[in-house]
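Next come the chains, spelled out residue by residue.
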Amino acid sequence: MTPRLHPFTTLTLAVCAAVVTTAAAYWPLSVAVALAAVILAARHGIAGRVLTAGAVILTPLCLSLLVLHGLFFPEGQTVLAQWGPARVTAEGLGFALELGTRTTACVLVFLLFSFTVSVPDLVSALAGRRIPPQFGFVLASTLTLLPAVAGRLDRIRQAQETRGMVVGRGLLSRLGTLRLQMVPLVLALIDDAGSRAQALDARGFGSPGPRTSYREVADPPAQRLFRAAALVFAAAAVAGRIVASWPTGAAS
Amino acid sequence: MTAATRTALQIRIEAFTFHGDDTPVLRDAALSVTPGSLTAVLGGSGSGKSTLGKLLAGWLRAGHAGQFRGSLELGGTVLEFRGVPEDPRINPAEWSRRVAFVPQDAAAMLSSVRATVAEELAFGLENRATAREDMLRAVERTAARTGLSHLLDRDPATLSGGELRRLAVGCAVIAEPDVLILDEPLASLDAAGAAQVEALVRSLCGAGTGVVLLSQAADRLAGEATHWTVLDAQTAHDGRTVTAAGTVTAAGTPAQLAGSAELERAGVIGIGGPGGIVPSVLGSGVLGSGGSGGAAGARLPGPVPAAAPGPGPASLELRGVGFGYAGDPRRHGTGAQDRVLRDVDFAVRPGEIIAVTGPNGAGKSTLLRHFNGLLRPSAGDVLVCGRSIAGVPVGKVAASVGLLFQHPRDQLFERTVLREAAFGLRQLSGKAPAEGKARAALAAVGLSGTEAAHPAELSASRQRLLALATVLAREPAVLALDEPTVGLDRHGLEALQGAVDRAAARGAAVVMVTHDLDYARRNAHRVLELSGGSLREI
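S.K.: Is there a simple way to think about the interface of chain A and chain B in this case?
M.R.: A common way to report how large an interface is uses the accessible area buried once the components associate. With 40 residues of chain A in contact, the opposing surface of chain B contributes 57 residues. Three residues, Arg163(A), Arg203(A) and Tyr214(A), lead the burial of chain A against chain B; their summed loss comes to 26% of the area buried on that side. Between the two partners, chain A and chain B, sit five salt bridges. A salt bridge links Asp201(A) to Arg61(B); the shortest N-O distance between them is 3.5 Å. Our count for the chain A to chain B interface comes out at 21 residue pairs in polar contact (both at pLDDT 80 or more). For the side of chain A that touches chain B, the element with the highest residue contribution is helix α7 (residues 171–202) of chain A, accounting for twelve residues. Residues of the side of chain A that touches chain B, tallied by class, amount to 17 nonpolar, eleven polar and twelve charged.

S.K.: Looking at this structure, how should I read the environment of Ala194(B)?
M.R.: Residue and element names in this part refer to chain B. Tracing the chain through its elements places Ala 194 in helix α6 (residues 191–206). Exposure remark for Ala 194: the relative accessible area of 12% places this residue in the buried category. Linking Ala 194 and Arg 165, residues 29 residues apart in sequence, is a C-alpha distance of 9.7 Å. Leave out the neighbours within four places in its chain, and Ala 194 touches Leu 186 and Leu 189.

S.K.: What exactly am I supposed to notice about empty space enclosed by the protein here?
M.R.: A probe as big as a water molecule, rolled over the atoms, marks out the empty space that is left. Within the structure shown, the criterion is met by five cavities of 30 Å³ or more. Approximately 210 Å³ is the volume attributed to the largest cavity. Residue lining of the largest cavity: 21 residues in total, with Val123(A), Ala127(A), Pro133(A), Arg114(B) and Glu126(B) positioned closest to the centre. Mapped by element, the contributors of at least two residues to the lining of the largest cavity are α5 (119–128) and α6 (133–162) of chain A together with α3 (117–127) of chain B. Broken down by element, the lining of the largest cavity gets its largest block of residues, five residues, from α5(A). Taken together, the residues of the lining of the largest cavity sort by class into eleven nonpolar, five polar and five charged. Quantified by volume, the second largest cavity comes out at close to 120 Å³. If you go around the second largest cavity, you meet 13 residues; those closest to its centre are Ala202(A), Arg203(A), Ser96(B), Cys171(B) and Ala172(B). Each residue belonging to the lining of the second largest cavity can be placed in one class, and the counts come to nine nonpolar, two polar and two charged.

Parameters at a glance
Residues numbered from 1 in each chain as written. Chains lettered and ligands numbered in written order. Predicted model: local features only at pLDDT ≥ 70, side-chain atom pairs only at ≥ 80, totals over all residues. Heavy atoms only, no water. Contact = heavy atoms within 4.5 Å. Buried area = accessible area lost by both parts, 1.4 Å probe. Salt bridge = Lys/Arg side-chain N within 4 Å of Asp/Glu carboxyl O. Polar contact = N/O pair within 3.5 Å; in protein donor to acceptor, adjacent residues only side chain to side chain. Helix = DSSP H or I, 4+ residues; strand = E, 2+ residues; numbered from the N terminus. Nonpolar A, V, L, I, M, F, W, Y, C, P; charged D, E, K, R; others polar. Buried < 20%, exposed > 50% of the residue type's maximum accessible area, 1.4 Å probe, protein only. 1 Å grid on protein atoms, 1.4 Å probe; cavity = no way out; pocket = protein on both sides within 12 Å on 5 of 7 lines; lining within 4 Å. Points joined across faces, edges and corners; volume = space filled by probe spheres on them.

Below, the structure written as structure tokens:
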């Protein structure tokens, strides 16, 4: 087992990977970053979750990129096919590929981070940096909300099935029953939030003033140094990109 | 805590009305708490106990949550409230350092964003910027007091009911408050869990904390109180309308009030737990240490319910059913080899009432969920009315099996009480009779008149009765009830008993799961114990 990484270290890594990939704008690099993210996810045993969530986000996005740039790319010179105003050009497809792989890499990297980060460590680390605890709470709640919503939805479905609602195997049937569960779900979540707010108030959560943290997250000097270096590298990549594209931009 | 007789906390309520309501939920009530004492506030469902507790603890704040006329006195400082904007404001965080409250639903006490029991305990201290060394000591001390020392690294989401309740109490007492208010602290706990919470209350009182117990049962813990206050929803006529508000109908020592007419009218359950709901038997046995006393079931004099069923095909039959939660990491300690159910064989005939008992976590709810297919056995078969339900959708099995969930909140999802009771009835019995059946089921559990209310607005006891009505309305051949007595006051228990009897009389097979052995013995033809994954008759 490798030594535990501080949440800020993994966050910095994710941000730098996204920034460098975007700055490089080089599709083989994007593909490599995306693959690396998938391999790391597999090593953590969460490849299925990362890929599923990634597919939900990326499929519509990549399809729209393909339609938008693949068919309508005004700068395109090499026409591969044409139907009226729609032209498939090599440049358009290249651009769609460039943008699609870049977005895929960024999304997968951030999904990997959010699925692997220890939320309590992150919240504790944020609190240690004098970031308002409410921010940390909202962040933690957002990351724990999905399982909570899924659990609540499951209980509502069970209650409805117990009273005669038949859930079929088809997608349409499932969507139909999901519709029946939405209003109860929202009402139940509001009800939960209301009762929890009183308890949070009583436990001093809303009070202003400094906080302390029970949980201690180790942050070795080596990781601090690594984070600084990674940020400098990312900044250099951005600067390099700007310098590299400046004359090209002026010339065109 | 030198002056043991000094009042720590006192409340005098002329009236408290929630915003948006016309009539008060509490009026003419008073309570005082002295350090180191145990005070019990007893009352039936809807008597305003929880409202009183939340007012005392600053969870419901005057002006913020509703209009309060009266006064609060804490440690010699008196706050007067006249129901005007100039009234004093309570800072809930500061107030709760002195007066702590543990709600009926212990899970609602937790922050839900802390990963371990230790961190959850420390949450309140973190918010008050307590130094880390002090926090470590306080967590260790509180954990030892509440018996949580061996659970400090556990995820709070994986705790049992009794452990969760002790964690909630731990979160409340870690700041060493003068007064601790506990809302139904023993509800849904088995004997072992209840004994742990009782011992904790005793040690807190011994250390000088004034403890207020809000309960609808005059149980063993309430019997140890020095003072009882009886709250009851009293109706008042003001010309055109009839309103009900919680008010103090009696106050005194347990010896003075045991067996009193006020206690009976309030719907308070006697010492024998839900089994002993006949208050006249409370009498001398009320302070005894035993649980059962002389309390008999509702069907005086004998413990035998309706006539035993005759021979015939079983309404429900389990054949060699085995089941385990393998692969679910949130369920602590269950592995592939750790089965919840093993080779369970059991049959219920029409008209038969069977009770299944066992400690918390024995798998009683898991067993019930097999009856309608919410859980599928990994071995064996479940037959309803002679037919296997393997592969049959739950929604179809639901025509023959009605399941009352352990937590009514998991069962209720509609916008009004009537819609709730009528959900799914249309497909079952057609449009026209559906509403009639729903109304009849509501009437059968005493909920007529609440049709337009939102289920979440009902008291915990009425929510359970509504959940029961949703099951009864479908007139299933098998009635499976998961802890139906929890949270019910005496009136609610009577409604439950009537409904179960009628269902059995029309030929329904009834299986109820309960941790209350007394209740099981009095109200079932057969009592089975689930232990180690197997059922055996006791």
